[in-house]
Amino acid sequence: MTGVSSTNTRPAGPLWLLAELTYRCPLHCVFCYNPVDYKTNTHELSTAEWKDTMKQARALGAVQLGFSGGEPLLRDDLEELVAYGHELGYYTNLITSGIGLKPARLVALKAAGLDHIQVSFQDATQAANDALSDTKTFAKKLEIASAVKAAGWPMVLNVVLHRLNLDHIDSIIELAVKLGVEYLELANTQYYGWAFKNKAALIPTHEQLKHAEERVAVWREKLGNRMKLLFVVPDYFEKTPKPCMSGWGNVFLSISPDGTALPCQAARMLPGFEFPNVKTSTVEHIWYESDGFTRYRGDAWMKDPCRTCPDKAKDYGGCRCQAYLITGDATSADPVCHKSPDHDKVIAFVDAAQRRDNPNDYLKVQKPEQQALANTTEVPVVWYRSDHNSLHLSKNGT
């Protein structure tokens, strides 16, 4: 075991198992957290392999099981996996764009014992929603959200916020009210995967964020207990880091489509790791013994300012992936923290976003020649998440 807890005690098992069933997806969202190079690895676990993984994680104490992707509805065995998770005693959650969730599948998922469905929207109007995902899906999403509500599930809606839709916060909440949403997650973009690639176009202004927070407060007062509104501030606008994943290898176990086990969905980018795979290692060995889960567990790996910080037991040093993306060193303090010697890099990202421009200028499908032109200008242009762009960016190492 390479990482050692300050208490040197055997940690508890995982509580949350995230099954990323596939990276295939009908949408092309500019803020997707999936790896930019996802198209270079198209292998997926079989039904039997997923079941075995679920059983092992449950034996270690996992109680919540999330099915995500990509789009998990693209797996024909989703209902079978949900039923098996229910049989094992998990609380099961489907995280979906809703595309492909036809009435017959709703009935089948209900019969399988699915506890919870979270449906995502990109914005509150057809033009904005479809532009952000580079698809014509808004009308279908409205239909699906209503069907989920009618089927008796709690109506849980997720909207990822950023520079291109923060100004529509009132319309987004109004849409949620119209749909009878009981829980609305307004999750400001965290910059990993495609979102990090597109950060220059997605980071909001201070004025946008302040206005959105104020409007959410007004709506909370207005709606009372009719709807719970969760507003997650983006890390780059904080002065202290969040306790990422409640600590590395403490609670969360993510399984990628090909079976690679990760302490968070983004960790695969970190150099110097050979993350274990459920095809060749038991979940018990992965959780308790593998370098991928023990290296940053606890605080023995920390260096200053984290090592001597009184908050290290609260924030666990912040996010290792964020540290690597911004500083090039995963053992550095999360640069979101004001104590980090690299905090100025985060400030520079945010300062660069305080320009005035038209958000719609960003929403252009990217081809290599367009991106080459964009690199010579001061106006960032977005990369949509697509198979073509994934292969292009992977080939060019960008």
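Going by the structure above, here's the rest.
Calculation rules
- Residues numbered from 1 in each chain as written.
- Predicted model: local features only at pLDDT ≥ 70, side-chain atom pairs only at ≥ 80, totals over all residues.
- Heavy atoms only, no water.
- Helix = DSSP H or I, 4+ residues; strand = E, 2+ residues; numbered from the N terminus.
- Buried < 20%, exposed > 50% of the residue type's maximum accessible area, 1.4 Å probe, protein only.
- Contact = heavy atoms within 4.5 Å.
- Salt bridge = Lys/Arg side-chain N within 4 Å of Asp/Glu carboxyl O.
- Pairing = 2+ DSSP bridges.
- Axes fitted to C-alpha atoms, helices over the stretch in contact; angles between N-to-C directions.
- Parallel < 35°, antiparallel > 145°, perpendicular 65-115°, else oblique.
- Left-handed = near helix turned anticlockwise from the far one by under 90°.
- Nonpolar A, V, L, I, M, F, W, Y, C, P; charged D, E, K, R; others polar.

A few points about the environment of Ala266
No. 1: Along the chain, the position of Ala266 falls in the loop between strand S9 (261–262) and helix H10 (283–288).
No. 2: Overall, the relative accessible area of 14% leaves Ala266 in the buried class.
No. 3: With 56 residues separating them along the chain, Ala266 and Gln322 place their C-alpha atoms 9.3 Å apart.
No. 4: Ala266 has contacts with Tyr192 and Cys321, leaving out every residue within four places of it along the chain.

Points about the pattern of salt bridges
No. 1: A full pass over the atoms with the stated rule returns 17 salt bridges.
No. 2: A salt bridge links Arg75 to Glu44, with the nearest nitrogen and oxygen atoms 3.2 Å apart. One end of the pair, Arg75, is in the loop between strand S2 (64–68) and helix H2 (78–88); the other, Glu44, is in the loop between strand S1 (16–20) and helix H1 (47–59), with 31 residues separating them in the sequence.
No. 3: Here Lys51 ties to Glu80 by a salt bridge, and the two come within 2.7 Å at their closest N and O atoms. On the criterion of sequence distance, the pair formed by Lys51 in helix H1 and Glu80 in helix H2 is long-range, its members being 29 residues apart.
No. 4: Overall, Lys51 belongs to the partly exposed group, its relative accessible area being 22%.
No. 5: Through salt bridges with shared partners, a single network forms among Arg24, Glu44, Arg75 and Asp77.

Notes on the sheet that holds S2
No. 1: Overall, mixed pairing links the nine strands, which are arranged S7-S6-S5-S4-S3-S2-S1-S8-S9 in an open sheet. Among the strands making up the open sheet, the edge pair consists of strand S7 (228–232) and S9.
No. 2: Here strand S3 (residues 91–96) pairs with strand S4 (residues 116–121) via four bridges, running parallel. Directly across from Thr96, in S4, lies its bridge partner Val119.

Description of the pairing of strand S8 (residues 252–255)
No. 1: Neither face of S8 is open: one carries Phe252 and Ser254, the other Leu253 and Ile255, and all of them are buried.
No. 2: With four bridges connecting them, S1 and S8 associate as parallel partners. Counterpart to Trp16 in the pairing with S8 is Phe252.
No. 3: Bridge analysis of S8 against S9 gives two bridges, and the strand direction is antiparallel. Each bridged residue has a counterpart across the sheet, and for Ser254 the counterpart in S9 is Leu262.
No. 4: Here S8 folds back onto S9, and the loop between the two strands holds five residues, one of which, Gly259, carries a positive phi near 100°.

Topic: the packing of helix H6 (residues 169–179) against helix H9 (residues 206–223)
No. 1: One can describe the packing of H6 onto H9 by two numbers: an axis separation of 10 Å at closest approach and a directional angle of 30°. By the angle class used here, H6 and H9 are roughly parallel. The hand of the H6/H9 crossing is right-handed. Taking contact as the criterion, the partners of Ile169, Asp170, Ile173, Glu174 and Val177 in H6 are, on H9, His211, Ala212, Arg215, Val216, Trp219 and Leu223.
No. 2: Residues of the contact of H6 with H9, tallied by class, amount to seven nonpolar, one polar and three charged.

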